[in-house]
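# Analysis of the macromolecular model
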Amino acid sequence: MSEEFRAFEVVEGEDGQFSGRIVSRGVAQLPAGEVLVRVRWSCLNYKDALSASGNRGVTRNYPHTPGIDAAGEVVESTGDDLAPGREVIVSGYDLGMNTAGGFGEMIRVPANWVLPLPAGLSARESMIIGTAGFTAAQCVEKLLRNGLGKDDGPVLVTGASGGVGILAVALLAKLGFAVAASTGKESSHALLRELGATEIIDRAVLSEANPRPLLKAQWAGAIDVVGGVTLANAIKGLRYGGSVACCGLVESPEFPATVFPFILRGANLLGIDSAEAPLEAKAALWQRLATDWKPAGLDRIASEIGLEQLGESLGAVLRGQALGRFLVRHEGSSD
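## Some points on the pattern of salt bridges
The final tally for this structure, using the stated rule, is 13 salt bridges. The partner of glutamate 9 in a salt bridge is arginine 21, and the shortest N-O contact between them spans 2.8 Å. Of the two residues, glutamate 9 is situated in strand β1 (residues 4–12) and arginine 21 in strand β2 (residues 18–26); the sequence distance between them amounts to 12 residues. Residue classification places glutamate 9 among the buried positions, given a relative accessible area of 11%. The exposure class assigned to arginine 21 is partly exposed, which follows from its relative accessible area of 41%. In this structure, a network of salt bridges that share partners links the residues Arg124, Asp299, Glu304 and Arg329.

## Details of unusual backbone geometry
The amide bond that connects tyrosine 62 to the next residue, proline 63, takes the cis arrangement and shows omega of 5 degrees. Within the fold, proline 63 resides in the loop between α1 (46–52) and β4 (69–77).

## A word on empty space enclosed by the protein
Applying the stated criterion across every chain, the model contains two cavities of 30 Å³ or more. The volume enclosed by the largest cavity comes to roughly 40 Å³. Considering only residue class, the lining of the largest cavity consists of five nonpolar, three polar and one charged. Taken as a whole, the second largest cavity spans an internal volume of roughly 30 Å³. If you trace the second largest cavity, you find it lined by Ser91, Gly92, Thr131, Phe134, Ser274, Lys282 and Trp286. Counting only elements with at least two residues in the lining of the second largest cavity, the list comes to α2 (123–145) and α8 (279–290). Looking at the lining of the second largest cavity residue by residue, the classes come out as two nonpolar, four polar and one charged.

## Notes on the packing of α2 against α8
Look at α2 against α8: their axes get within 10 Å of each other, and the N-to-C directions meet at 105 degrees. The pairing of α2 with α8 is recorded here as roughly perpendicular in orientation. Residues Ser126, Ile129, Gly130, Gly133, Phe134, Ala137, Gln138 and Glu141 of α2 form the contact with α8, whose participating residues are Lys282, Leu285, Trp286 and Leu289. Looking at the contact of α2 with α8 residue by residue, the classes come out as six nonpolar, four polar and two charged.

## A short note on a nonpolar patch on the surface
On the surface, Val259, Phe260, Ile263 and Leu264 cluster together to form a nonpolar patch covering roughly 390 Å² of accessible area. Locating leucine 264 in the fold gives a position in helix α7 (residues 260–264).

## With respect to helix α9 (residues 310–318)
Of the positions making up α9, those classed as buried are Leu310, Ser313, Leu314, Gly315, Ala316 and Val317. Packing partners of the buried residues in α9 comprise β1, α1, β14 (302–305) and β15 (325–329). One or two residues past the end of α9 sits glycine 320, with phi positive at roughly 75 degrees.

## Focus on the layout of surface pockets
Its boundaries defined by the atoms lining it, the largest pocket holds a volume of some 1100 Å³. Lining the largest pocket are 42 residues; nearest its centre among them are Tyr46, Val164, Val225, Gly248 and Val250. Those elements that provide at least two residues to the lining of the largest pocket are α1, α2, α3 (163–174), β9 (179–183), α9 and β15. Of the residues belonging to the lining of the largest pocket, the class tally is 17 nonpolar, 18 polar and seven charged. There is about 230 Å³ of room inside the second largest pocket. Lining the second largest pocket are 14 residues; nearest its centre among them are Gln138, Glu141, Arg145, Ala281 and Leu285.

So, how was this worked out
- Residue numbers here run from 1 along each chain, matching the order of that chain's written sequence.
- Thresholds applied to this predicted model are a pLDDT of at least 70 for local features of residues and 80 or more for the giving and counting of side-chain atom pairs; totals over whole chains, interfaces and linings are not thresholded and use all residues.
- To get the side-chain values, all heavy atoms of the structure are used, and hydrogens and water are removed first.
- What makes a salt bridge here is a side-chain nitrogen of Lys or Arg within 4 Å of a carboxyl oxygen of Asp or Glu, nothing more.
- Strands here are runs of E lasting at least two residues and helices are runs of H or I lasting at least four, both read from the DSSP assignment and numbered beginning at the N terminus.
- Residue burial is assigned from relative accessible area. The probe radius is 1.4 Å, only protein chains are included, and a residue is buried under 20% of its type maximum, exposed over 50%, and partly exposed in between.
- For each structure, a 1 Å grid was placed over the protein atoms alone; sets of points admitting a 1.4 Å probe that cannot get out are labelled cavities, open sets with protein on both sides within 12 Å along at least five of seven lines are labelled pockets, and lining residues have an atom within 4 Å of a point.
- Grid points are joined across faces, edges and corners, and a volume is the space filled by probe spheres set on the points.
- In this classification, the charged set is Asp, Glu, Lys and Arg, the nonpolar set is Ala, Val, Leu, Ile, Met, Phe, Trp, Tyr, Cys and Pro, and all remaining amino acids, among them Gly, are polar.
- As a rule, the C-alpha atoms of each element are fitted with a line to give its axis, helices using only the stretch in contact, and angles between N-to-C directions run from 0 to 180 degrees.
- Should an angle fall under 35 degrees it is called roughly parallel, over 145 degrees roughly antiparallel, and 65 to 115 degrees roughly perpendicular, with every other angle called oblique.
- Any pair of residues with heavy atoms lying within 4.5 Å of one another is described as a contacting pair.
- Only residues whose relative accessible area exceeds 30% and that form no salt bridge are eligible for patches; like-charged ones are grouped when within 9 Å, while nonpolar side chains (Val, Leu, Ile, Met, Phe, Trp, Tyr) are grouped when within 5 Å.
- The method behind every accessible area is Shrake-Rupley, applied with a 1.4 Å probe, and residues are considered shielded solely by the protein chains displayed.

So far we have only geometry, and geometry alone does not tell us how the molecule works.
As structure tokens, this is what we get:
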């Protein structure tokens, strides 16, 4: 196929600075793979912002097209189960990291990265949810498996105005939990309460180092996307037997804690990885997100942009200035 398409490409300048530009590429330039997908929608994640800023821990070689999420329809496939025209989601694995991602109008990927779009979810809705919402759902699922009940007490969500956090608030509230949302953005308070947060906590309360090995037992569980001191304080503040699902490091990858919450309150630290989760597990959780776990108010948390606005929006995500989700619309998207 010789079709050309547009893509947002990140390049490294002679001065070592990275910048983005919109380019025309050919399908023949895409990497090898069993499935060619026309991308209709994508979204912004913190990992995309890292890739676009030249973080070699995310992307090794440039020029590169980021975008760890994509939704669209199959154009070509070597397998019978992914026929041309079928709507699909491609999320995680190496997409957008070292494989050209969803900020291009076409991607080519291995078949075992591709999920059929579940009934009950449009391609547009799937990208408002994206990796951020999928990660939030993984956190909730793991907390439930570890015994969290909605009558046990409030659940803390850190970084609550970002992608994972805001969808975690919406999902927990939908499932009947009392949610304490931690954020440094006063502008997000009204939206977080609208989505179901019952308490707003200033980010500074949790990000300040506290030498005490334990804090007042407040939360039955927590979802932490921040890491660092905030994660340590969240664990110190768990009620007996409580768990924290850990899925991010926007504050720090360090974990300055002691063993006391674990040996005196039976605390649990639960690790979450969305990128390499088995495809079958991803399919099952996406099915829930399309049905009984579908977050309310998806349009309220989405800001729709085109490729031309990607550079500015990626910068906002990297600086921690984004509220909710940036939804990337490619030309030809209709829903």
